[in-house]
Amino acid sequence: NAGVTQTPKFQVLKTGQSMTLQCAQDMNHEYMSWYRQDPGMGLRLIHYSVGAGITDQGEVPNGYNVSRSTTEDFPLRLLSAAPSQTSVYFCASSYGQVQETQYFGPGTRLLVL
Amino acid sequence: GENVEQHPSTLSVQEGDSAVIKCTYSDSASNYFPWYKQELGKRPQLIIDIRSNVGEKKDQRIAVTLNKTAKHFSLHITETQPEDSAVYFCAACDAGNMLTFGGGTRLMVKP
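Attention here is on the structure that accompanies the text. Everything quoted here is computed from the prediction, not taken from an experiment.

As for the overall build of chain A
Part 1 of the reasoning: The helix and strand tally for chain A stands at zero helices and 11 strands.
Part 2 of the reasoning: Reading the helices (α) and strands (β) of chain A from amino to carboxyl end gives β-β-β-β-β-β-β-β-β-β-β.
Part 3 of the reasoning: In terms of overall size, chain A behaves like a compact globule, its C-alpha atoms giving a radius of gyration of 13 Å where 113 residues would be expected to give roughly 13 Å.
Part 4 of the reasoning: Expressed along its principal axes, the backbone C-alpha trace of chain A runs to roughly 35 × 25 × 25 Å.
Part 5 of the reasoning: Within the span of chain A, comprising 113 residues, buried residues form 49% of the whole.

Below, the structure written as structure tokens:
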């Protein structure tokens, strides 16, 4: 199993540009989520999904959209990038519920100029 | 929503000493408390977790205690080794489907 994969590893955007961060898992996990990690602020939940076709907002959802058309994929879309979205983004998944081991992807480092 | 506070933000210990990291949470309905370790440039990985029906859990040199009345939980690492150096995050899961993380503790183990 590849586990949780994320692409790209690193991206530079200009303010106002849009892009999609990809996340995929091959473990048949139902729960998937996106976090951003900023220095000194831990991991903050952006959006999550408890299964295909179901998504919900986390702690910091503004400026981001998600969809979950398949069990495997959970892309994160930045609608109009802002410098405040410069961060490291982690995707995570777990088998059934959030109260289980979260398996994190390797992260995407995003720089918005 | 849930709020998780973590202390200290940095912790330096001598190899072989014990390290204790403490977290408090706000939502009394929270029922799941994991701890993640993140080495420099790597992804977070679960090291231990505890559920609200248990007061203590141990795995070799790592233990976690939970005080539901006071709404705090702690990570204890005994006989620390240089490879324990990392950032440690606590988290709490409320009655919903969200994990809320603390701000992290940078542990440095000096040889």
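Read on, since the account is not over.
So, the sheet that holds strand S8 (residues 76–78) of chain A
Residues and elements named next belong to chain A.
Part 1 of the reasoning: Taken together, the four strands give an open sheet; going across it, the order is S1-S3-S8-S7, and neighbouring strands pair in antiparallel fashion. Only two strands of the sheet have a single neighbouring strand rather than two, namely strand S1 (4–7) and strand S7 (64–66). For this sheet, the mean angle separating the axes of adjacent strands, direction not counted, is 20 degrees.
Part 2 of the reasoning: In the sheet, S1 pairs with strand S3 (residues 19–25) via four bridges, with the strands oriented antiparallel. Bridging across to S3, Thr5 finds its partner in Ala24.

Details of the state of the cysteines
Residue and element names in this part refer to chain A.
Part 1 of the reasoning: Throughout the structure, instances matching the rule amount to two disulfides over all chains.
Part 2 of the reasoning: Two residues, Cys23 and Cys91, share a disulfide whose sulfurs are 1.8 Å apart. Across the S-S bond of Cys23 and Cys91 the torsion is about -70 degrees, and the bridge reads as left-handed. Here the residue Cys23 occupies a position in strand S3, and Cys91 occupies one in strand S9 (residues 87–94), the gap between them amounting to 68 residues.

Analysis parameters
- Residues numbered from 1 in each chain as written.
- Chains lettered and ligands numbered in written order.
- Predicted model: local features only at pLDDT ≥ 70, side-chain atom pairs only at ≥ 80, totals over all residues.
- Heavy atoms only, no water.
- Helix = DSSP H or I, 4+ residues; strand = E, 2+ residues; numbered from the N terminus.
- Rg over C-alpha atoms; globule rule 2.2 N^0.38 Å.
- Buried < 20%, exposed > 50% of the residue type's maximum accessible area, 1.4 Å probe, protein only.
- Pairing = 2+ DSSP bridges.
- Axes fitted to C-alpha atoms, helices over the stretch in contact; angles between N-to-C directions.
- Disulfide = S-S within 2.5 Å.

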